[in-house]
Amino acid sequence: MKKTILAAIMAITTATAAVAQSNTQALIPYPNSIEQCNSGKSFAINSKTEITTTLAGDAFVIGELQSILQKRFGVVPRVSNGRQSKNIISIEIDNSIEGREHYTLEVNKNGIYIKGATEGALFLALQTLDQLLIGDVCNTAKGEIAHIRIDDNPRYAVRAIMLDPARHFIPVKDVKLFIDQMARFKFNTLQLHLTDDQGWRIEIKSHPELTAIGAHRHPGGSNQGPDNGYYTQEELKEIIKYAADRNIEIIPELDIPGHSVAILAAYPELGCAFRHGDKKDLGHTTNMMLCAANTDVYDIYADIIKEVAELFPSDYIHLGGDEAAVKENWAKCPDCLALMQQLGYDKPSQLMIPFFNNILGSVRNNGKKAILWCELDNIWPPANDYLFPYPADVTLVTWRNALTPKCIELTRKYGNPLIMAPGEHAYLDYPQYPGDLPEFNNWGMPISTLENCYKLDPGYGREAEEQNHVLGVMGTLWAEAIGDVNRATYMTFPRAFALAEAGWTQLEHRDWDFFKVRMYPNLTDLMKCGVSVRVPFEIVERK
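Note that the structure is predicted; figures quoted are calculated from it, not measured. (Residues numbered from 1 in each chain as written. Predicted model: local features only at pLDDT ≥ 70, side-chain atom pairs only at ≥ 80, totals over all residues. Heavy atoms only, no water.)

Asks: Just to check I follow, could you spell out the overall build of the protein for this structure?
Replies: Scanning the protein from N- to C-terminus turns up 18 helices and 18 strands. For a compact globule of 543 residues, the expected C-alpha radius of gyration is about 24 Å, and the protein comes in at 25 Å, within 12% of that figure. With respect to the principal axes defined by its C-alpha atoms, the protein has extents near 80 × 55 × 55 Å. At a minimum sequence separation of 6, the contacts of the protein that also span at least 24 residues come to 75%. (Helix = DSSP H or I, 4+ residues; strand = E, 2+ residues; numbered from the N terminus. Rg over C-alpha atoms; globule rule 2.2 N^0.38 Å. Contact = heavy atoms within 4.5 Å.)

Asks: Looking at this structure, how should I read the pattern of salt bridges?
Replies: A side chain of one charge can pair with a side chain of the opposite charge if their charged atoms are brought near each other. Enumeration over the complete set of coordinates arrives at 28 salt bridges. D164 is the salt-bridge partner of R167, the closest N and O atoms lying 2.8 Å from each other. Salt bridges sharing partners connect three or more residues here, namely R72, D130, R184 and D525. (Salt bridge = Lys/Arg side-chain N within 4 Å of Asp/Glu carboxyl O.)

Asks: Is there a simple way to explain the side chain of D525 in this structure?
Replies: Summarising the element assignment, D525 is placed in helix α18 (residues 512–528). According to the relative accessible area criterion, D525 is buried, its value standing at 7%. (Buried < 20%, exposed > 50% of the residue type's maximum accessible area, 1.4 Å probe, protein only.)

Asks: In this structure, what is going on with unusual backbone geometry? I would like to understand it.
Replies: Where the residue is not glycine, phi is negative for most of them; where a peptide bond is considered, it is trans in most cases. Residue P438 is reached from L437 by a cis peptide bond, and omega for that bond is 15 degrees. Topologically, P438 is positioned in the loop between α13 (423–426) and α14 (450–454). In this structure, P494 follows F493 across a cis peptide bond, with omega equal to 20 degrees. Structurally, P494 can be placed in the loop between α16 (485–492) and α17 (495–504).

Asks: Quick question: what am I supposed to make of the pairing of strand β15 (residues 369–373) here?
Replies: In regular strands, side chains alternate between the two faces of the sheet. When you tally the buried positions in β15, you get 4 out of 5 residues, the bulk of the element. In this structure, strand β14 (residues 316–320) lies alongside β15, joined through 3 bridges in parallel fashion. Within β15, the residue paired with I317 across the bridge is A370. Sheet topology places β15 next to strand β16 (residues 395–398); 3 bridges connect them, and they run parallel. (Pairing = 2+ DSSP bridges.)

Asks: What exactly am I supposed to notice about the packing of aromatic side chains here?
Replies: By convention here, two paired aromatic rings are described through the distance between centres and the angle between planes. In total, this model carries 22 aromatic pairs according to the counting rule given. Between F356 and F388, the ring centres sit 5.7 Å apart and the planes meet at 5 degrees, which makes this aromatic pair stacked. With F356 in helix α11 (residues 352–365) and F388 in the loop between β15 and β16, this residue pair connects regions lying 32 residues apart in the sequence. For the residue pair F356 and F388, the accessibility class agrees, reading buried in each case. Both rings, one in Y427 and one in W478, keep their centres 6.5 Å apart while their planes meet at 50 degrees; by these two values the pair is tilted. With Y427 in the loop between α13 and α14 and W478 in the loop between β18 (470–477) and α16, this pair connects stretches of sequence that are 51 residues apart. Pairwise contacts between aromatic rings join Y298, W330, F355, F356, Y386, F388, Y390 and Y414 into one cluster. (Phe/Tyr/Trp six-rings, centres within 6.5 Å; stacked < 30°, edge-to-face > 60°.)

Asks: Even after reading the chapter, I still don't get the packing of helix α5 (residues 172–184) against helix α7 (residues 233–245), so can you show me in this structure?
Replies: The axes of two packed helices give the description: the angle between them and the distance between them. For the pair α5 and α7, interaxial distance at closest approach is 10 Å and the crossing angle is 15 degrees. Compared by their axis directions, α5 and α7 come out roughly parallel. As α5 packs across α7, the resulting crossing turns out to be right-handed. Residues V172, V175, K176, I179 and D180 of α5 form the contact with α7, whose own contacting residues are E235, E238, I239, Y242 and A243. Its residues assigned to classes, the contact of α5 with α7 comprises 6 nonpolar, no polar and 4 charged. (Axes fitted to C-alpha atoms, helices over the stretch in contact; angles between N-to-C directions. Parallel < 35°, antiparallel > 145°, perpendicular 65-115°, else oblique. Left-handed = near helix turned anticlockwise from the far one by under 90°. Nonpolar A, V, L, I, M, F, W, Y, C, P; charged D, E, K, R; others polar.)

Asks: Hey, could you run me through the environment of I482 in this one?
Replies: Residue position: I482 is located in the loop between β18 and α16. Judged by its relative accessible area of 8%, I482 falls in the buried class. With 41 residues separating them in the primary sequence, I482 and N441 have C-alpha atoms 9.3 Å apart. For I482, the residues in contact, after removing those within four places along its chain, are H168, D429, F440, L477, R487, A488 and M491.

Asks: Help me understand α11 in this model?
Replies: Under the 1.5 Å per step criterion, the end-to-end length of α11 is 19 Å for 14 residues, consistent within 8% with the ideal 20 Å. Where α11 is concerned, the buried positions are M352, P354, F355, F356, I359, L360, S362 and V363. The positive-phi residue at the C-terminal boundary of α11 is G367, with phi of around 75 degrees. (Expected span 1.5 Å × (residues − 1).)

Asks: Explain the sheet that holds strand β3 (residues 50–53) to me, please; I cannot follow it from the model alone.
Replies: Strand pairing in a sheet relies on backbone hydrogen bonds, with the paired strands running either antiparallel or parallel. Strand order in the open sheet formed by 7 strands is β1-β9-β6-β7-β5-β3-β4, and the pairing between neighbours is mixed. Looking at strand neighbours, the two that pair on one side only are β1 (34–36) and β4 (78–80), the edges of this open sheet. Sheet twist, expressed as the average angle between the axes of neighbouring strands with direction ignored, equals 15 degrees. Examined bridge by bridge, β3 and strand β5 (residues 88–93) share 4 bridges and lie parallel to one another. The residue of β5 that forms the bridge with T53 is I91.

Laid out in structure tokens, this is it:
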């Protein structure tokens, strides 16, 4: 094993050195338009270089630019009034550029010129600049940058990763560490799975019992994870601001009507009456649901959604809707069966209709839109239709293995926007290689290799009009077997490189062999920053 790991590390080092002379060979995701100029003098960074900008001096992107230059060149150019015409780094918003994340980056002998439609676009441009410097280590070591022009805009608007602090709590500082790594590769959405059977991780001031009971699997232990802990609303504001500075939107997820043991531990009366006395053991009890016939459920969730909507600037609240154990709950509940008869339904699963009609009313009343995991009328092929009729204003996420083609078809038919998180390609909690982690809570997970992640085309090869409702891609990190941020980043990188490129780069610019070359400098740089990653030794052909 030691020899295998050593060989893989040597392969990374050798590959990094081999591509050291090209400033494009650490670009992930790969830009959609690049013009290289191999003639002429490179731009040299020195003590007289100045940053010129129309942005406020305390704009976050100015500090980010200075941080990159300090890290790569050991200099921190001052921000000037723009009188110099040479030896400058110009960074500015250009309102003529279309697309919120669209940016241009040009390097010539006189300077670096960065333009973007928004400050978020400028931040993305800076990540590209940093990768230019990582990829061209020889020039960077001399304080120089080769000529290049990049005009870049993403293929998809949503490029997301889901973290799951409900299963194992992730402290604020570690969430920030994860956000930092996401931002480097142009992810723009972090979904926080905040409630599940194992824990309730968000402060709700109108119902403090939710965290007093639901956030502590082992009362008396540490409140900083992995079993205990929750985010105060002030801490969530801090995370939201930290992410927004880095062009990342935080979307909260409150999983209902299943995955609800944590709230039922605090309020057992919200479950079906025949299960009120059942034990609610956080981390062990599963397959319980909120009662569809209990109006108190809708009242308490009206309170919860109001506070969540006021806290998160995002337009969206994810409400789960997956893996509801209907047969073990609603199908045996006298109140639910009575409601089913009253409404003329013939299947207990149809109670999802009034359940979500009530919940979605609260979401809309608070000016938000809902996201749900897409459930069909079968959990494996063949499936024919939705589990229940999703309203057209609900965005769905496809996730079940082998059912994504049907989800694409149905969401196009019914007009639901779709985010792609197919288990075959985007489940980052799955092992990356036979015998690899996770070593516990592994229920027989399939293998999801780096190459398999890279094969994801979010449009699934469909014609443009058949995939124009696809918003983007999401990698998921379900945390039954992810106990801390180091395990989270190990499971994420380098597979997230592949998903970043799936979401950003047009198909004609994607290439597996070139991706592998570009991966090495980034993997090395993450390790230099103390980020836990997996070395994908299996992609190297051994001699």
